[in-house]
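# Analysis of the macromolecular model
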Amino acid sequence: MDATGVLWGLCADDSRAAVALAVPFLIPLATNAHHPHRTAALAVLSGPARARHHGVASCEEFLLHRNDPRRHAPDTHDDYGYEVTGYPAGWSVAAARAAITTATTALLPLLGDSDPTVRVDAAYVLATAADPAHTIRAALANGFATEGDAMVRAALLLATAEITRAHPHPPTVTWLRERWHDRAEAPEARLSAAVGWLCLTDQSAPEELRRTVGTLADNERAHAMEALPWMRAASGTNEPGLLRCRRCMLHPEEPDPEEVFWDSLF
């Protein structure tokens, strides 16, 4: 297994404390256009900056960042609980996000990289950074205005929604609504905007959104959108992330295929 695979494995095993220490060393690799392992480093960079997000696809939990436990939840460790090592998971997440936030200036140019995969992964990483001055949100919006790749447009919208959930900004919520409402927009972007908007509003899903998602979120597109790291993380057993989001957000009464699968084994 290569080094990045080891890092992913540690995150999957709920041992982020060790991986968080690697983040400051991964950033120079990820931002070096000539490094042979740049894309691999960028792909794993934000793994320790997220916790309890695999298989999560509900409006209540998807794209959610909990507060920094050192300032807001010292007794509960940011509601992330403990890693298998006994270390507070929230502290690992906060440390990784702090390192990414410090490197924002170096990471932002990756949104304009010639490789669409780099642009997607850069958006995924930047969505975990603190953005009190809305610098990252502005960069995501500017990138979206000139982006021609449908999947990257979708990634920029999900990143915008994620960072807006951490740093509320009502005009952005309205902007996301306009994006899923726009029939001239790429289907992948409309779906991402719809998912993001549902996570940012207390309003019930309007009928038009339900029709839009119901029409556009077919199996073929859902599998294609697994190229987005948000959707890969949301996926479950035999259920791509987009379809899991659709079910959890719009049809929560439907049975969870993953639970059905595991129940069938016993």
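This structure is a prediction, so every number in the text was calculated from the model and none was measured.

Time to look at the overall build of the chain. Of regular secondary structure, the chain possesses 15 helices and zero strands. Counting every position in the chain, which comprises 266 residues, the buried fraction comes to 52%. Long-range pairs, those at least 24 residues apart, make up 65% of the contacts in the chain between residues at least 6 apart in sequence. As presented, the chain carries roughly 12,400 Å² of accessible surface, and 56% of it is formed by carbon and sulfur atoms.

Look at helix α8 (residues 150–166) against helix α9 (residues 170–181): their axes get within 10 Å of each other, and the N-to-C directions meet at 155°. Comparing their axes, α9 and α8 come out roughly antiparallel. Between α8 and α9 the crossing geometry is left-handed. Across the interface between the two elements, Leu 157, Thr 160, Ala 161 and Thr 164 of α8 pack against Thr 172, Val 173, Trp 175, Leu 176 and Arg 179 of α9.

Take the nonpolar core next. Note on soluble globular proteins: their nonpolar side chains tend to be buried together. In this structure, Leu 45, Phe 62, Leu 209, Leu 228, Trp 230 and Met 249 are the most contacted members of the largest nonpolar core, which totals 75 residues. When near neighbours in sequence (up to four residues on either side) are disregarded, Phe 62 contacts Val 56, Ala 57, Leu 158, Arg 165, Val 195, Cys 199, Trp 230, Ala 234, Cys 245 and Met 249.

In total, this model carries 10 salt bridges according to the counting rule given. Between Arg 119 and Glu 147 there is a salt bridge, and its shortest N-O distance comes to 2.9 Å. Here Arg 119, found in helix α6 (residues 116–126), pairs with Glu 147, found in the loop between α7 (135–146) and α8; they are 28 residues apart in sequence, far enough to count as distant. Note on accessibility: Arg 119 and Glu 147 belong to one class, buried. The residue Glu 188 makes a salt bridge to Arg 221 at a minimum N-O spacing of 3.7 Å. Of this pair, Glu 188 sits in helix α10 (residues 187–200) while Arg 221 sits in helix α12 (residues 219–224); the two residues are 33 residues apart in sequence, bridging distant segments of the chain. When its relative accessible area of 16% is taken as the criterion, Glu 188 is described as buried. Each of Glu 239, Arg 244, Arg 247 and Asp 256 takes part in a single network of salt bridges with overlapping partners.

Turning our attention to the confidence of the model for the chain. This prediction gives the chain a mean pLDDT of 87; 85% of its residues lie at or above 70. Counting interchain partners and residues more than four positions distant, the pLDDT-below-50 stretch residues 68–76 has 13 contacts.

Turning our eyes to something else, we now look at unusual backbone geometry. In this structure, His 134 is a non-glycine residue whose phi angle is positive, near 65°. Here His 134 lies in the loop between α6 and α7. The residue Asn 238 is not glycine, and still its phi comes out positive at about 55°. Structurally, Asn 238 is set in the loop between α13 (229–234) and α14 (241–250).

Reading the values: the criteria
Residues numbered from 1 in each chain as written. Predicted model: local features only at pLDDT ≥ 70, side-chain atom pairs only at ≥ 80, totals over all residues. Heavy atoms only, no water. Helix = DSSP H or I, 4+ residues; strand = E, 2+ residues; numbered from the N terminus. Buried < 20%, exposed > 50% of the residue type's maximum accessible area, 1.4 Å probe, protein only. Contact = heavy atoms within 4.5 Å. Areas by Shrake-Rupley, 256 points an atom, 1.4 Å probe, with all protein chains shown as cover. Axes fitted to C-alpha atoms, helices over the stretch in contact; angles between N-to-C directions. Parallel < 35°, antiparallel > 145°, perpendicular 65-115°, else oblique. Left-handed = near helix turned anticlockwise from the far one by under 90°. Core = buried A, V, L, I, M, F, W, Y, C linked by side-chain atoms within 4.5 Å. Salt bridge = Lys/Arg side-chain N within 4 Å of Asp/Glu carboxyl O. pLDDT = per-residue confidence, 0-100.

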